[in-house]
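Survey of secondary and tertiary structure
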Amino acid sequence: MPGTRKHPRQAHPRRNASIVATGMYLPERVLTNAELEKLVDTTDEWIQTRTGIKERRIAAEGEFTSDLGAKAALDAMHEGGIFADEIDLIIVATCTADTIFPSTACRIQQKIGAKKAAAFDIQAACSGFLYGLIVAEQFVASHVYETVLVIGAEKLSSIVNWKDRNTCVLFGDGAGAVIIRNRAEGHGILASDMGADGSQSDILSLPSSGCAIPVSEAVIQEGLQYLQMSGKEVYKHAVTAMNSSAEKTLARAGLKGSDIALVVPHQANLRIIETLAQKLKTDMDHCYVNIGRYGNMSAACIPVALHEASKEGRLKAGDNVLMVAFGGGLTWASVALEW
Ligand code: ACO
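Calculation notes
Residues numbered from 1 in each chain as written. Predicted model: local features only at pLDDT ≥ 70, side-chain atom pairs only at ≥ 80, totals over all residues. Heavy atoms only, no water. Core = buried A, V, L, I, M, F, W, Y, C linked by side-chain atoms within 4.5 Å. Buried < 20%, exposed > 50% of the residue type's maximum accessible area, 1.4 Å probe, protein only. Helix = DSSP H or I, 4+ residues; strand = E, 2+ residues; numbered from the N terminus. Domains from an automatic or database assignment. Contact = heavy atoms within 4.5 Å. Axes fitted to C-alpha atoms, helices over the stretch in contact; angles between N-to-C directions. Left-handed = near helix turned anticlockwise from the far one by under 90°. Nonpolar A, V, L, I, M, F, W, Y, C, P; charged D, E, K, R; others polar. Pairing = 2+ DSSP bridges.

**Details of the nonpolar core**
L322 and F326 are the most contacted members of the largest nonpolar core, which has 39 residues in total. Looking at this core, the elements that each hand over two or more residues are α9 (231-253), α10 (270-279), β12 (320-327) and β13 (331-338). Among the elements that line this core, the one with the most residues is α9, at seven residues. Counting contributing residues, this core receives three or more from each of domain 1 (18-181) and domain 2 (189-288 + 311-338). What F326 contacts, discounting residues up to four positions off in sequence, is C126, S127, V234, H237, A238, A241, M242, H266, T331 and W332. Counting 33 residues, the second-largest nonpolar core is a separate cluster that includes L89, I134, I189 and L315.

Here it is as structure tokens:
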């Protein structure tokens, strides 16, 4: 009868979207705090007590964000037994794209041979991976796509001023990837939250990176091609925004902090993670921390941490996992899922 036929998507209720595989890639070069002591006026003791960072990875010259992301993607595809031609969509979260266009996602599509996949970048700084995961969930839950690859990849060493001790000690390079599919067992992603506050955009930014301040000699003299951060301000906003986003997601999922088997937070500062754990009424044993080894890898932090937690046996089927991030924009996001 005319008018009664349902569109195929309406005929199917939303389905779960689960992480079915994870992967990561870290550059070989390890840069220690002792080496930074020779570059700027800092100490291993200052860096460790203020941030928790001991060392970080630095990509090789000629090794770009798309190279790191492609290797992380291949690792996830290998783990999941998923072939390149099965991937419908590639989402890359990065604030250190190889180029503004073509997108890093397009470059990765070519590098991994996923010829069938649509591809685009997401830019939400350190929150980018969770923004990407939430977007991926919509495509899978609404039956539009079967297999979505979400990558967080960064070459932050390319935008750090190696003469500025306030920032150069904090960041590292790396990439993590996850594959999202519907899975018969479990609930997958349970709830999420995203937010932004553009009024605070100046406290964490890369001023000369687009059309507003094109590169010129004057820009280079002023160092505007490097990441600028008002650390104390960012710290205060990070603690508040991560906690309130996490609380919203927990409430939407009908969970309490104590129901979470593992919190996988953005790794910007150990003290931020400790405060978050206190506010969520959980403890550090239930938080995954790898900031000591890698520093802040922005959008790559959470997928790398998730992959390591999974490999170390810290995630069992049915566990509730809470991921929460905060970054430039300002942006924040959180996702609760059943592993
Ligand atoms: N070594 C030695 N001394 C240092 C260093 C260093 N590497 N860096 C700063 N200092 C000095 C400062 O100059 C200052 O000296 P002064 O008191 O003589 O002026 C002193 O240490 C204290 O500096 P603060 O900035 O007040 O130190 P704080 O305890 O706030 O720690 C830090 C700084 C680590 C940056 C912290 O504020 C922080 O982690 N902020 C959050 C960063 C973050 O979350 N970023 C996330 C997003 S990143 C993204 O989106 C790409």
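Let's pick the thread back up.
**As for the packing of α9 against α10**
Between α9 and α10, whose axes approach to 10 Å, the crossing angle comes to 35°. The two elements α9 and α10 cross, and the hand of that crossing is right-handed. Facing Y235, A238, V239, M242, N243 and E247 of α9, the residues of α10 in contact are R271, I272, T275, L276 and K279. For the contact of α9 with α10, the residue count by class is six nonpolar, two polar and three charged.

**Some thoughts on the sheet that holds strand β1 (residues 18-25)**
Reading across from one edge, β1-β7-β6-β4-β5 is the order of the five strands in this open sheet, with mixed pairing throughout. At either margin of the open sheet sits one strand with a lone partner, and together these are β1 and β5 (118-122). Here the average twist between neighbouring strands, direction ignored, is 20°. Looking at chain direction, strand β6 (residues 148-155) and strand β7 (residues 173-181) are connected through eight bridges and run antiparallel.

**Looking at the sheet that holds strand β8 (residues 189-196)**
Ordered by their spatial adjacency, four strands build an open sheet running β8-β13-β12-β11, and the pairing between neighbours is mixed. Edge positions in the sheet fall to β8 and β11 (262-265), since each has one partner strand and no second. Averaged over neighbouring strand pairs, the angle between their axes works out to 10° when direction is ignored.

None of this, on its own, says anything about what the molecule does.
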